[in-house]
Amino acid sequence: MHDYEKLGLFYLGRPVDKSGTVVDEPLLYDSRDLVTHAVCLGMTGSGKTGLCIALLEEAAIDGVPALVIDPKGDLTNLLLTFPELRGADFEPWVQEEDARRKGLDVPAYAAAEADKWKKGLASWDQDGDRIRRLKAAASFRIFTPGSAAGEPISILATFAAPPPDLVDDSELFGDRVQSTATSLLGLVGIAGDPLRSREHILISSLLDRAWRAGASYDLAQLIADIQKPPLDKIGVLPLESFFPAKERFDLAMTLNGLLAAPGFGLWLQGTPLDVQQLLYAADGRPQIAVLSIAHLSDAERMFFVSLLLNQTISWMRARQGTSSLRALLYMDEIFGYLPPTANPPSKKPMLTLLKQARAFGLGVVLATQNPVDLDYKALSNIGTWLLGRLQTERDLARVLDGLEGVGGGEFDRQSVSTLLSGLAARRFLLHNVHDEKPVLFESRWAMSYLAGPLTRDQIRKLKNGSAPVAATPAPERQAPRAGGGAGGAGKAVDLSGPPILPSEIPVLYLRPPTGAVSPDYGAAILGQGRVHFQSPDAGWSFTREVARALPIASGEALLVDWSGSAGVEAANLAESRPATAGGFAALPSEATRPKSFDSWGKSFKDFLARSEELTLFSSAQYGESSKPGESEGDFRVRLSDLARSARDSQVDKLKAGYAPKFAALEDRVRRAEAKVAEQKSQATAQKFATAASVFGAVAGALFGRKKLSSSTFSRAATSVRSASRTMKESRDVDLAEGGVEALQQQITDLNAELAGAVADLERRSDPHTLELVAKTLRAKKADVELVRVGLVWLPSEPG
């Protein structure tokens, strides 16, 4: 069994020699090469999906998070990992039709599949323990935008104002505005030309104006502004001349129809489309976020992918630069999203990522069946090509042209063409601009069970825990809705409207949940305040906005204890009564008197002074402290970037330190081979050849497939030439008599020494087990500012 678990090296398979035989040593790929991006090409049946899943598995084991865009549903298989490899684990995911074709019932077929997977993994030096390591290394989740089958995604954040540095970049900001407008219009079937379409120009103008002012949009506000734009002119033309009110109303109605459609509410709930939240779990662990979009229409897919790519650019631009691999963006079946001629909304942001992401440690990996469907400019920015069996001569010609264009290492067009023409399943040509030459290899067995595209019901099972999905911490408790939770908010009795209160009492409404048609409303006391923390010595100050609601029941005496309140999102509070409101609960008399709210305001301020605190974390190892308001999980994520850069630098030093030792052993092996070849039989000489192959495997495990520079083996090459001349002259018998076993033992000892150094480095560089020092700051009463205390109406949950 070969030791392939090396920091920063991905185990993708094994090399294939010129005779077509798989060589018994691992093919290791340097993860840092992915910052120059990768493309995987291969027709159906080539094994492309299995290879890409293996690559994502390696990334997860190495602590690299990934956004996985899955248009077909194959990548959901990443969650089908069964360390015990039991038939019962496989049974929910096997296809009944496959079992019937084999003449087996489902349990028997599942047992056969489990046995097949166990043997397949063993043939590639893998087992259940490695699957456990995979599951422990990262969180795996399936998100389904526009559907509740998996975890829904809320797109509201995508209409939020971009960060200031992106706004200041005129090209990126213009692309963001244009692609957002194009995506939104495409969702309602309007093919808006950015230069000629009035709809596109108006929406772009509104987004541009709001975002430059730092203001965010939601769809409801955008629809309102389309009817009554805060603009007098578009360009040099008066607004009414450019786009009359009646025709703007038609556009507003079209978008309103989208917003009012029964299924569209699912686009507005769930995990925000926030790249940081998708890439990292709440505890800071790396996350493999599978974004399954197979259930969406073509227009909806384009809409979501474009928004996600734009959000990724914003996330990327907010990070510091690094040469290490920070995260991956993988997209399967890229056809239609990056075409050579057309310009869909996804194309510009994807090209931007391919051109700029490498500076921020974000690797982009694309997969498709047909290379002719990819833009030339995209291919020229990709450094790693994983090439499987292709469908047509046209595809082959396009690939060869592309390889010549990217350069790197040796490239013989004729020999590469011959190799690609006869590839078997699961065999790929790896062309990496960072390597000396292309290498043919067979991809390893995937640890994930390759069940094929999962149905919505199967995805729902994964979400509900029928298969192993990494647990995530529960979200912060939110304010209970009317009619639910302990001490409910009272029974709604008045259908005509809420009670009339004195003007001194602020009255707000919490927006109803998605799916609530005419919810009833219960009452709660709302407290809003600001808590200020500062550290004059460190030179920072931080203000936390706090909003909490305390439900009250009608007909009961009010005992206001703010410790029973729960947090609410201030952004979800509105001053106007919803048009869809049902009944309203009656209020106890205390809740109708302004003096009560004055008293409750004082108690709320006291409560904030007692309960609010700010925790700061620090790491002595990295000399870093968390920022005010930064959670422990987010701080560990930030440390992981520092740890990865430091780790890669230390790995380079390890390589440089061990290179001369391995070079010296290679020199001895070669000299022993030459001496023994003169004196002993070919069979004995073959034993020394075996020693050389052992060295090759060890060196490969240390260096991957990097070009050997002067800092690694150039000295070894000089030594070998010098040794050959010396052997011819002096016949150094002592070296030959050292024997194969002695050389093998030295190689083994050196490898063990290196493995120990790497393991120690891995332990010390893991930010998720790093000891942090926590310091808690408490608020002073003088630092608490009362914003308001009023009444808030809480809608009931649907159903």
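Residues numbered from 1 in each chain as written. Predicted model: local features only at pLDDT ≥ 70, side-chain atom pairs only at ≥ 80, totals over all residues. Heavy atoms only, no water.

A count of helices and strands for the chain gives 24 helices and 26 strands. Across the 799 residues in the chain, those meeting the buried criterion constitute 51%. Sequence-distant contacts in the chain: of pairs separated by 6 or more residues, those separated by 24 or more amount to 77%. For the chain, the accessible surface area stands at approximately 35100 Å², while carbon and sulfur atoms represent 51% of it. (Helix = DSSP H or I, 4+ residues; strand = E, 2+ residues; numbered from the N terminus. Buried < 20%, exposed > 50% of the residue type's maximum accessible area, 1.4 Å probe, protein only. Contact = heavy atoms within 4.5 Å. Areas by Shrake-Rupley, 256 points an atom, 1.4 Å probe, with all protein chains shown as cover.)

Here we come to the pairing of strand β23 (residues 613-619). Relative to strand β25 (residues 773-778), β23 is paired through 6 bridges, and the arrangement is antiparallel. Of the residues in β25, the one forming a bridge with Phe617 is Ala774. The turn linking β23 back onto strand β24 (residues 624-625) is made up of 4 residues, and Gly623 within it adopts a positive phi angle of 60 degrees. (Pairing = 2+ DSSP bridges.)

It is worth spelling out the pattern of salt bridges at this point. Considering all chains together, one arrives at 37 salt bridges under this definition. Of the charged contacts in the structure, one is a salt bridge between Arg100 and Glu97, with a shortest N-O distance of 2.7 Å. In this pair, Arg100 and Glu97 both sit in helix α3 (residues 96-101), 3 residues apart, roughly one turn of the helix. Its salt-bridge partner being Asp169, residue Arg317 comes within 2.9 Å of it at the nearest N-O pair. (Salt bridge = Lys/Arg side-chain N within 4 Å of Asp/Glu carboxyl O.)

Remark: helix α8 (residues 198-212) packs on helix α11 (residues 245-260), axes separated minimally by 11 Å, with the N-to-C direction vectors making an angle of 75 degrees. Considered as vectors, α8 and α11 are oriented roughly perpendicular to each other. Counted together, Arg198, Glu199, Leu202 and Ile203 of α8 and Glu247, Arg248, Leu251 and Leu255 of α11 form the full contact between these two elements. Class assignment of the residues belonging to the contact of α8 with α11 gives a composition of 4 nonpolar, no polar and 4 charged. (Axes fitted to C-alpha atoms, helices over the stretch in contact; angles between N-to-C directions. Parallel < 35°, antiparallel > 145°, perpendicular 65-115°, else oblique. Nonpolar A, V, L, I, M, F, W, Y, C, P; charged D, E, K, R; others polar.)

Once that is clear, we can look at helix α9 (residues 219-227). For an α-helix the count is 3.6 residues per turn, leaving residues at separations of three or four pointing the same way. Along α9, the residues that are buried comprise Leu219, Leu222, Ile223, Asp225 and Ile226. For α9, the angular spread of the buried residues around the axis is 165 degrees, confining them to a single face. (Arc of directions from axis to C-beta.)

Take the sheet that holds strand β4 (residues 66-70) next. In spatial order, the strands read β2-β1-β15-β14-β13-β3-β12-β11-β4-β10-β5; together these 11 strands make up an open sheet with mixed pairing. With partners counted over all chains shown, the strands left at the sheet margins are β2 (27-30) and β5 (139-143), one partner each. Mean inter-strand twist for the sheet, computed between neighbouring axes without regard to direction, equals 25 degrees. By the bridge criterion, 3 bridges tie strand β1 (residues 9-15) to strand β15 (residues 439-443) in an arrangement that is antiparallel. The residue bridging Gly13 from the neighbouring strand is Ser443, located in β15. Those strands touched by helix α13 (residues 298-317) are β4, β10 (287-292), β11 (327-331) and β12 (362-368), and its axis lies near 165 degrees from that of β4.

With that out of the way, let us pick up the side chain of Ser204. One can find Ser204 in helix α8. Discounting chain neighbours no more than four positions away, the residues touching Ser204 are Val177 and Ala181.

Within the open sheet, the 3 strands sit side by side as β24-β23-β25. Their pairing is antiparallel. Both outer strands of the open sheet, β24 and β25, are each paired with one neighbouring strand and no more.

What follows covers the packing of aromatic side chains. In total, this model carries 16 aromatic pairs according to the counting rule given. On the basis of an interplanar angle of 80 degrees and a centroid distance of 6.4 Å, the ring pair of Tyr509 and Phe584 is categorised as edge-to-face. Of this pair, Tyr509 sits in strand β17 (residues 507-510) while Phe584 sits in strand β22 (residues 584-585), and the two are 75 residues apart along the sequence. Between Phe584 and Trp793, the ring centres sit 5.1 Å apart and the planes meet at 85 degrees, which makes this aromatic pair edge-to-face. Of this pair, Phe584 sits in strand β22 while Trp793 sits in strand β26 (residues 784-795), and the two are 209 residues apart along the sequence. The pair Phe584 / Trp793 is uniform in exposure class, with both members buried. What links up through ring pairs into an aromatic cluster is the set Phe82, Phe90, Trp117, Trp445 and Tyr449. Looking at Arg398, its charged tip hangs above the ring of Tyr376, at a distance of 3.7 Å from the centre. (Phe/Tyr/Trp six-rings, centres within 6.5 Å; stacked < 30°, edge-to-face > 60°. Lys NZ or Arg CZ within 6 Å of the ring centre and 35° of its normal.)

Further remarks concern helix α1 (residues 48-61). Taking 1.5 Å of rise per residue, 14 residues should cover 20 Å, and α1 covers 20 Å from first to last C-alpha, within 8% of that figure. The buried fraction of α1 amounts to 13 of the 14 residues, a majority that puts the element mostly inside the structure. Positive phi shows up at Gly63, right after α1, with a value of about 80 degrees. (Expected span 1.5 Å × (residues − 1).)

Turning our attention to empty space enclosed by the protein. The rolling of a water-molecule-sized probe over the atoms marks out the regions of remaining empty space. By the definition in use, this model includes 6 cavities of 30 Å³ or more. By volume, the largest cavity is sized at about 100 Å³. Taken together, 12 residues make up the lining of the largest cavity; nearest its centre are Glu5, Lys6, Ile61, Asp62 and Arg133. Counting residues per element, the ones that place at least two in the lining of the largest cavity are β1, α1 and α5 (128-137). Its residues assigned to classes, the lining of the largest cavity shows 5 nonpolar, no polar and 7 charged. (1 Å grid on protein atoms, 1.4 Å probe; cavity = no way out; pocket = protein on both sides within 12 Å on 5 of 7 lines; lining within 4 Å. Points joined across faces, edges and corners; volume = space filled by probe spheres on them.)

On the secondary structure map, Leu185 appears in helix α7 (residues 170-187). Taking the relative accessible area as the measure of exposure, Leu185 reaches 0% and is therefore buried. In this structure the C-alpha to C-alpha distance between Leu185 and His200, which are 15 residues apart in sequence, comes to 7.4 Å. In contact with Leu185, not counting residues within four places along its chain, are Ile190, Gly192, Glu199, His200, Ile203 and Leu251.

One way to put it is that α7 packs onto α8 with a least axis distance of 9 Å and a crossing angle of 130 degrees. Taken together, the axes of α7 and α8 are oblique relative to one another. Taken as a pair, α7 and α8 cross one another with a handedness that is right-handed. Touching Phe173, Arg176, Val177, Gln178, Thr180, Ala181, Thr182 and Leu185 of α7 are Glu199, His200, Ile203, Ser204, Leu207, Asp208, Trp211 and Arg212, all from α8. Looking at side-chain class alone, the contact of α7 with α8 contains 7 nonpolar, 5 polar and 4 charged residues. (Left-handed = near helix turned anticlockwise from the far one by under 90°.)

Residues of the chain with pLDDT of at least 70 account for 82%, and the chain-wide mean is 82. Mean pLDDT per element in the chain: helix α22 (residues 714-730) is the minimum at 40, and β4 is the maximum at 98. For residues 466-479, every residue scores under 50 in pLDDT, and the model assigns this stretch 32 contacts once sequence neighbours within four places are set aside. Scored below 50 in pLDDT, residues 708-735 shows 33 contacts in the model against residues more than four places distant or in partner chains. (pLDDT = per-residue confidence, 0-100.)

Look at Leu85: it is not a glycine, yet its phi comes out positive at around 55 degrees. Within the secondary structure layout, Leu85 lies in the loop between β4 and α2 (87-90). Look at Leu85 and you get buried, because its relative accessible area is 13%. Located in the positive-phi region is Glu333, a residue other than glycine, with phi close to 50 degrees. Along the chain, the position of Glu333 falls in the loop between β11 and α14 (347-356). Classification of Glu333 by relative accessible area gives buried; the value is 13%.

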